[in-house]
Amino acid sequence: MYFYGISGSNKIGGSSYFVKLGDRKFLLDMGLDPNLPGVYPKYENLYRKKLLTSMGDLDGVIISHAHLDHIGSLPYILKEGEKVPVITSKATKVLGKALLLSAPKESDDYIEIFKKDEIEKVFSLISPKENMVAQDYEINLYDSGHILGSKMVEIVTKDERVLYTGDFSLKNIITAKKMPLASIKSPDVLLCEGTNLTKNMNSYINERLGFIRYANKVVAKGVLLVPAFALGRTQEVVCLLKNAMKSQLLKRVPIYVDGLSVEISQLYNELGVGVLDEEVKIATNRFYETMDDSPKIIICSSGMLLKNSKSYLYAQKVLKNENNSVTFVGYQDKRTPGFKLLYENSFNFKATVNRFSFSAHGDEKEIFQLIDRLKPKKVVFLHRNLKEQEERELEKRLTKIYGKNMQFYFPKDGEELNL
Ligand SMILES: [Zn+2]
Ligand SMILES: [Zn+2]
């Protein structure tokens with residue numbers, strides 16, 4: 001197979017990879033990089049390198065899941081590629097559309113690159129499917145345990161079997177289906193995400209229990225504000241809190257959801273994952289305006305307290321009282337108010353600020369486990385943020401385990417591989 005990493009190989013953001021098996025040409029994901037507002041991956045390089053004459057030459061585009069770094073530039077396919085089949089799950093279609101349409105609402109520096117009618121059009125062309133059998137190839141999607149609807153992508157021809165993990169986790173995430181690891185066949189090439197490569201995260205259960213215990217302490221007296229990403233993290237935290245209340249690990253207090261988190265949670269409900277119910281209320285404008293410091297939990301996007309977001313507005317109120325807490329549950333980019341509040345002491349506040357790790361990406365242990373179970377001949381690490389030294393050390397360790405039976409690749413953006 002031939003691989004060309006357009007974007008998102010040695011960085012996290014704007015994932016899009018071109019692969020060719022025999023004569024068949026596919027794009028795996030079409031994302032946006034949140035750090036490059038208004039810029040999509042350099043698809044024109046596909047023409048420059050004569051891999052395509054137009055997007056219409058593609059045999060398919062396969063979207064692993066609805067996070068913007070994987071789906072955000074999908075409307076680009078409308079440039080002469082309207083007839084190219086887009087293969088993705090139903091949940092990714094529904095959630096991805098909502099996210100693309102709402103992205104400008106909660107971003108400091110979002111620059112519109114696709115118009116509303118382009119977004120609506122591209123999603124209207126998708127009929128979700130989880131497998132596709134053509135004359136000389138087959139595509140299968142498998143749950144990847146990352147967010148609702150997230151999938152791994154398998155492409156099989158008579159000569160080759162390729163598996164692209166998308167973003168994945170082997171943990172038991174409440175709101176995502178677990179990966180059916182036992183039923184996935186060993187691929188020739190594994191294209192593997194590496195967000196948490198070389199990281200060993202705290203025990204998943206301990207981290208969650210720690211969060212619940214801490215939440216219980218805060219709501220004995222005050223307000224707990226949890227800034228959370230609208231898609232995935234909000235719903236996971238809400239379900240975790242509800243479960244903890246049910247099993248009496250957490251005092252029953254009102255839970256409110258606000259911001260873009262509301263719209264996405266409503267879609268989760270429609271897709272069969274119960275997030276909003278009589279216990280979890282949608283915050284109204286009146287609620288925000290009249291809010292006091294009585295015990296309650298507010299889960300609200302954005303996860304990094306971006307300036308135009310609801311979580312930023314709530315934080316202004318919550319931070320004023322020493323009984324309250326602002327508790328983060330996700331990654332903070334260095335330039336965001338969330339990072340500044342957590343690590344730079346540049347705010348004046350009385351409340352407590354805290355953070356717990358809820359990563360929905362496999363850590364090093366999980367990535368090794370996946371490789372060991374699948375025993376591919378070749379592993380290509382993508383969606384990674386490592387120093388070259390770290391990559392060399394990792395390769396050494398893996399080669400020590402698997403010897404000559406497995407080869408490892410760490411391509412940079414714009415690099416091609418003949419595998
Ligand atoms: Zn993701
Ligand atoms: Zn991602």
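Criteria and thresholds
Residues numbered from 1 in each chain as written. Chains lettered and ligands numbered in written order. Predicted model: local features only at pLDDT ≥ 70, side-chain atom pairs only at ≥ 80, totals over all residues. Heavy atoms only, no water. Donors = N, O, S within 2.8 Å, 3.2 Å for Na, K, Ca; no water. Tetrahedral: all angles 85-135°; square planar, octahedral: opposite > 155°, others 65-115°. Pairing = 2+ DSSP bridges. Helix = DSSP H or I, 4+ residues; strand = E, 2+ residues; numbered from the N terminus. Phe/Tyr/Trp six-rings, centres within 6.5 Å; stacked < 30°, edge-to-face > 60°. Lys NZ or Arg CZ within 6 Å of the ring centre and 35° of its normal. Contact = heavy atoms within 4.5 Å. Buried < 20%, exposed > 50% of the residue type's maximum accessible area, 1.4 Å probe, protein only. Domains from an automatic or database assignment. Buried area = accessible area lost by both parts, 1.4 Å probe. Salt bridge = Lys/Arg side-chain N within 4 Å of Asp/Glu carboxyl O. Polar contact = N/O pair within 3.5 Å; in protein donor to acceptor, adjacent residues only side chain to side chain. UniProt positions renumbered as here; feature names shortened; annotations may be inferred.

## Some remarks on the coordination of the zinc ion (ligand 1)
Step number 1: The protein atoms that coordinate the zinc ion (ligand 1) are His-65 (NE2), His-67 (ND1), His-146 (NE2) and Asp-167 (OD), at distances of 2.2 to 2.3 Å.
Step number 2: Bound by four donor atoms, the zinc ion (ligand 1) shows angles of 88 to 169° at the metal and therefore irregular coordination geometry.
Step number 3: Read N to C, the donor residues that coordinate the zinc ion (ligand 1) are spaced as H-x1-H-x78-H-x20-D.
Step number 4: A separation of 3.6 Å is found between the zinc ion (ligand 1) and the zinc ion (ligand 2), both of which receive a donor from Asp-167.

## Quick look at the sheet that holds strand S19 (residues 416-418)
Step number 1: As summarised here, the arrangement of the six strands in space is S5-S4-S3-S2-S1-S19, forming an open sheet in which the pairing is mixed. If you trace the sheet from one side to the other, it starts and ends with strand S5 (86-87) and S19, each paired once.

## Focus: the packing of aromatic side chains
Step number 1: All chains considered together, the criterion is met by 16 aromatic pairs.
Step number 2: A centroid spacing of 5.9 Å and a plane angle of 15° characterise the contact between Tyr-40 and Phe-114, whose relative ring orientation is stacked. Taken together, the positions of Tyr-40 in the loop between strand S3 (24-28) and helix H1 (44-48) and Phe-114 in the loop between helix H3 (90-102) and helix H4 (116-124) put the pair 74 residues apart, joining distant regions of the chain.
Step number 3: An aromatic cluster of three or more residues is present, and its members are Tyr-40, Tyr-43, Tyr-76 and Phe-114.
Step number 4: Against the face of Tyr-256 rests Lys-281, its NZ or CZ located 5.9 Å from the ring centre.

## Focus on the environment of Leu-197
Step number 1: Inspection of the secondary structure assignment puts Leu-197 in the loop between strand S10 (189-194) and helix H5 (204-218).
Step number 2: In this structure, Leu-197 is in contact with Ile-367, Phe-381, Leu-386 and Leu-394, ignoring residues within four places of it in sequence.

## Quick look at the pairing of strand S8 (residues 151-157)
Step number 1: The buried fraction of S8 is high, at seven of seven residues.
Step number 2: Of the two faces of S8, the one holding Lys-151, Val-153, Ile-155 and Thr-157 and the one holding Met-152, Glu-154 and Val-156 are both buried throughout.
Step number 3: When strand S7 (residues 137-143) meets S8, the two strands line up antiparallel, connected through seven bridges. Bridging from a neighbouring strand, Tyr-142 pairs with Met-152 of S8.
Step number 4: In terms of strand pairing, S8 meets strand S9 (residues 161-164) through four bridges, oriented antiparallel. Across the sheet, the residue bridging to Ile-155 is Val-162, located in S9.
Step number 5: Between the end of S8 and the start of S9, which pair antiparallel, lie three residues.

## Re the domain arrangement of the protein chain
Step number 1: Entries for the protein chain in the domain assignment read domain 1 (2-199 + 361-418) and domain 2 (204-355).
Step number 2: Each of domain 1 and domain 2 has a C-alpha centre, and the two are 30 Å apart.
Step number 3: With 22 residues of domain 1 in contact, the opposing surface of domain 2 contributes 26 residues.
Step number 4: Both sides of the domain 1 and domain 2 interface together cover about 2,100 Å² of buried area, and 63% of this is carbon and sulfur.
Step number 5: Connecting domain 1 to domain 2 are zero salt bridges.
Step number 6: Scanning the region where domain 1 abuts domain 2 turns up five residue pairs in polar contact (both at pLDDT 80 or more).

## Digging into the UniProt feature "domain: Beta-Casp" (unreviewed entry) in the protein chain
Step number 1: Here the UniProt feature "domain: Beta-Casp" (unreviewed entry) sits at residues 234-341.
Step number 2: The annotated region residues 234-341 carries 41% helix and 15% strand content, and the separation between its end C-alpha atoms amounts to 20 Å.

## Some points on the pattern of salt bridges
Step number 1: On inspection of all chains with the given rule, the structure shows 22 salt bridges.
Step number 2: Arg-24 is paired through a salt bridge with Asp-59; the nearest N and O atoms lie 2.7 Å apart. With Arg-24 in strand S3 and Asp-59 in the loop between H1 and strand S4 (60-62), the pair connects residues that are 35 residues apart, well separated along the chain.
Step number 3: Across the pair Glu-82 and Lys-121 runs a salt bridge, and its minimum N-O distance is 2.9 Å. You can see Glu-82 sitting in the loop between helix H2 (68-71) and S5 and its partner Lys-121 sitting in helix H4, a full 39 residues away along the chain.
Step number 4: Relative accessible area serves as the criterion here: at 39%, Glu-82 is assigned to the partly exposed category.
Step number 5: Counted as one network, the salt bridges with shared partners bring together Arg-24, Asp-59 and Asp-136.

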